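# Examining the three-dimensional arrangement
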Amino acid sequence: MKEIPLKDAYQLVEPGPTTLLTTRHEGRANVMTLSWHMVVDFTPRLACVVSEANFSHAALRATGECVIAIPDVGLAAKAVEIGNCSGREVRKFEAFGLTPKPAHKVGAPLVAECFANLECRVVDAQLADTYNLFILEVVMAWRDPRKKAPKTIHHQGYGRFIVDGETIELPSNMP
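Residues numbered from 1 in each chain as written. Predicted model: local features only at pLDDT ≥ 70, side-chain atom pairs only at ≥ 80, totals over all residues. Heavy atoms only, no water.

## Digging into the overall build of the chain
On a plain count of helices and strands, the chain comes out with four helices and eleven strands. Its C-alpha atoms give the chain a radius of gyration of 16 Å, within 12% of the compact-globule value 16 Å for 175 residues. Along the first, second and third principal axes, the C-alpha set of the chain runs to 50 × 40 × 30 Å. When each of the 175 residues of the chain is scored for burial, the buried share is 41%. Sequence-distant contacts, at least 24 apart, represent 59% of the contacts inside the chain between residues at least 6 apart. Counting only carbon and sulfur atoms, one obtains 57% of the accessible surface of the chain, whose full area is about 10,500 Å². (Helix = DSSP H or I, 4+ residues; strand = E, 2+ residues; numbered from the N terminus. Rg over C-alpha atoms; globule rule 2.2 N^0.38 Å. Buried < 20%, exposed > 50% of the residue type's maximum accessible area, 1.4 Å probe, protein only. Contact = heavy atoms within 4.5 Å. Areas by Shrake-Rupley, 256 points an atom, 1.4 Å probe, with all protein chains shown as cover.)

Okay, here's the thing in structure tokens:
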């Protein structure tokens with residue numbers, strides 16, 4: 001074993017696929033790249049960290065709504081570009097050629113180019129002040145049936161990603 005800097009330790013336990021988080025506040029739709037999230041329970045509830053430095057933080061606090069859109073590897077370069085700029089200066093849907101679609105239960109838009117979209121409401125923001133952590137309840141879920149086996153990307157830091165590989169199935173009694 002070799003010691004690594006603590007600032008790099010998060011790269012070893014990345015939580016899941018890189019996603020896009022959309023919001024709509026004061027008539028303006030925005031999208032940000034989100035890698036720090038996890039499933040909390042089977043309801044389903046998700047936890048996500050949205051830094052107060054992000055333009056989306058204020059919109060998420062004000063509206064209590066968002067969409068978690070899940071891109072496939074074909075959107076990897078756009079996901080990086082989206083994450084490298086701020087919605088304060090850039091209208092990201094237009095700048096990156098993404099198509100906002102109306103959601104059914106929240107005001108934030110779906111992303112048509114993503115293979116799945118989860119409409120979410122904030123159900124707990126108690127840790128938002130301290131850790132920028134929001135607990136979201138998924139209130140509607142969508143999946144593009146044309147995309148049978150999409151490959152997701154997993155952020156390892158500093159522009160490095162792992163692409164989903166082979167799927168294996170093992171006996172399990174758990175969901």
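The rest of the description comes next.
## Some thoughts on the pattern of salt bridges
Where charged atoms of side chains with opposite charge meet at close range, the side chains can pair. Evaluation of the coordinates by the stated rule reveals four salt bridges. The salt bridge involving R121 is made with E65; its shortest N-O contact spans 3.7 Å. Linking R121 in strand β8 (residues 116-124) with E65 in strand β5 (residues 65-70), this pair joins segments that are 56 residues apart in sequence. For D144, the salt bridge is made with R146, and the minimal N-O distance between the two is 2.7 Å. Assessed through its relative accessible area of 11%, D144 is described here as buried. R146 gets classed as exposed once you look at its relative accessible area, which sits at 70%. (Salt bridge = Lys/Arg side-chain N within 4 Å of Asp/Glu carboxyl O.)

## Comments concerning the nonpolar core
Residues L21, V50, I68 and C120 are the most contacted members of the largest nonpolar core, which totals 15 residues. For this core, the secondary structure elements donating two or more residues are β2 (28-34), β4 (45-49), β5, β8 and β9 (133-143). No other element matches the three residues that β9 contributes to this core. Once residues lying within four places of it in the same chain are set aside, the contact partners of L21 are N30, V31, M32, L34, C48, V50, S56, C66, V67 and I68. Counting 14 residues, the second-largest nonpolar core is a separate cluster that includes A69, F93, F96 and L98. (Core = buried A, V, L, I, M, F, W, Y, C linked by side-chain atoms within 4.5 Å.)

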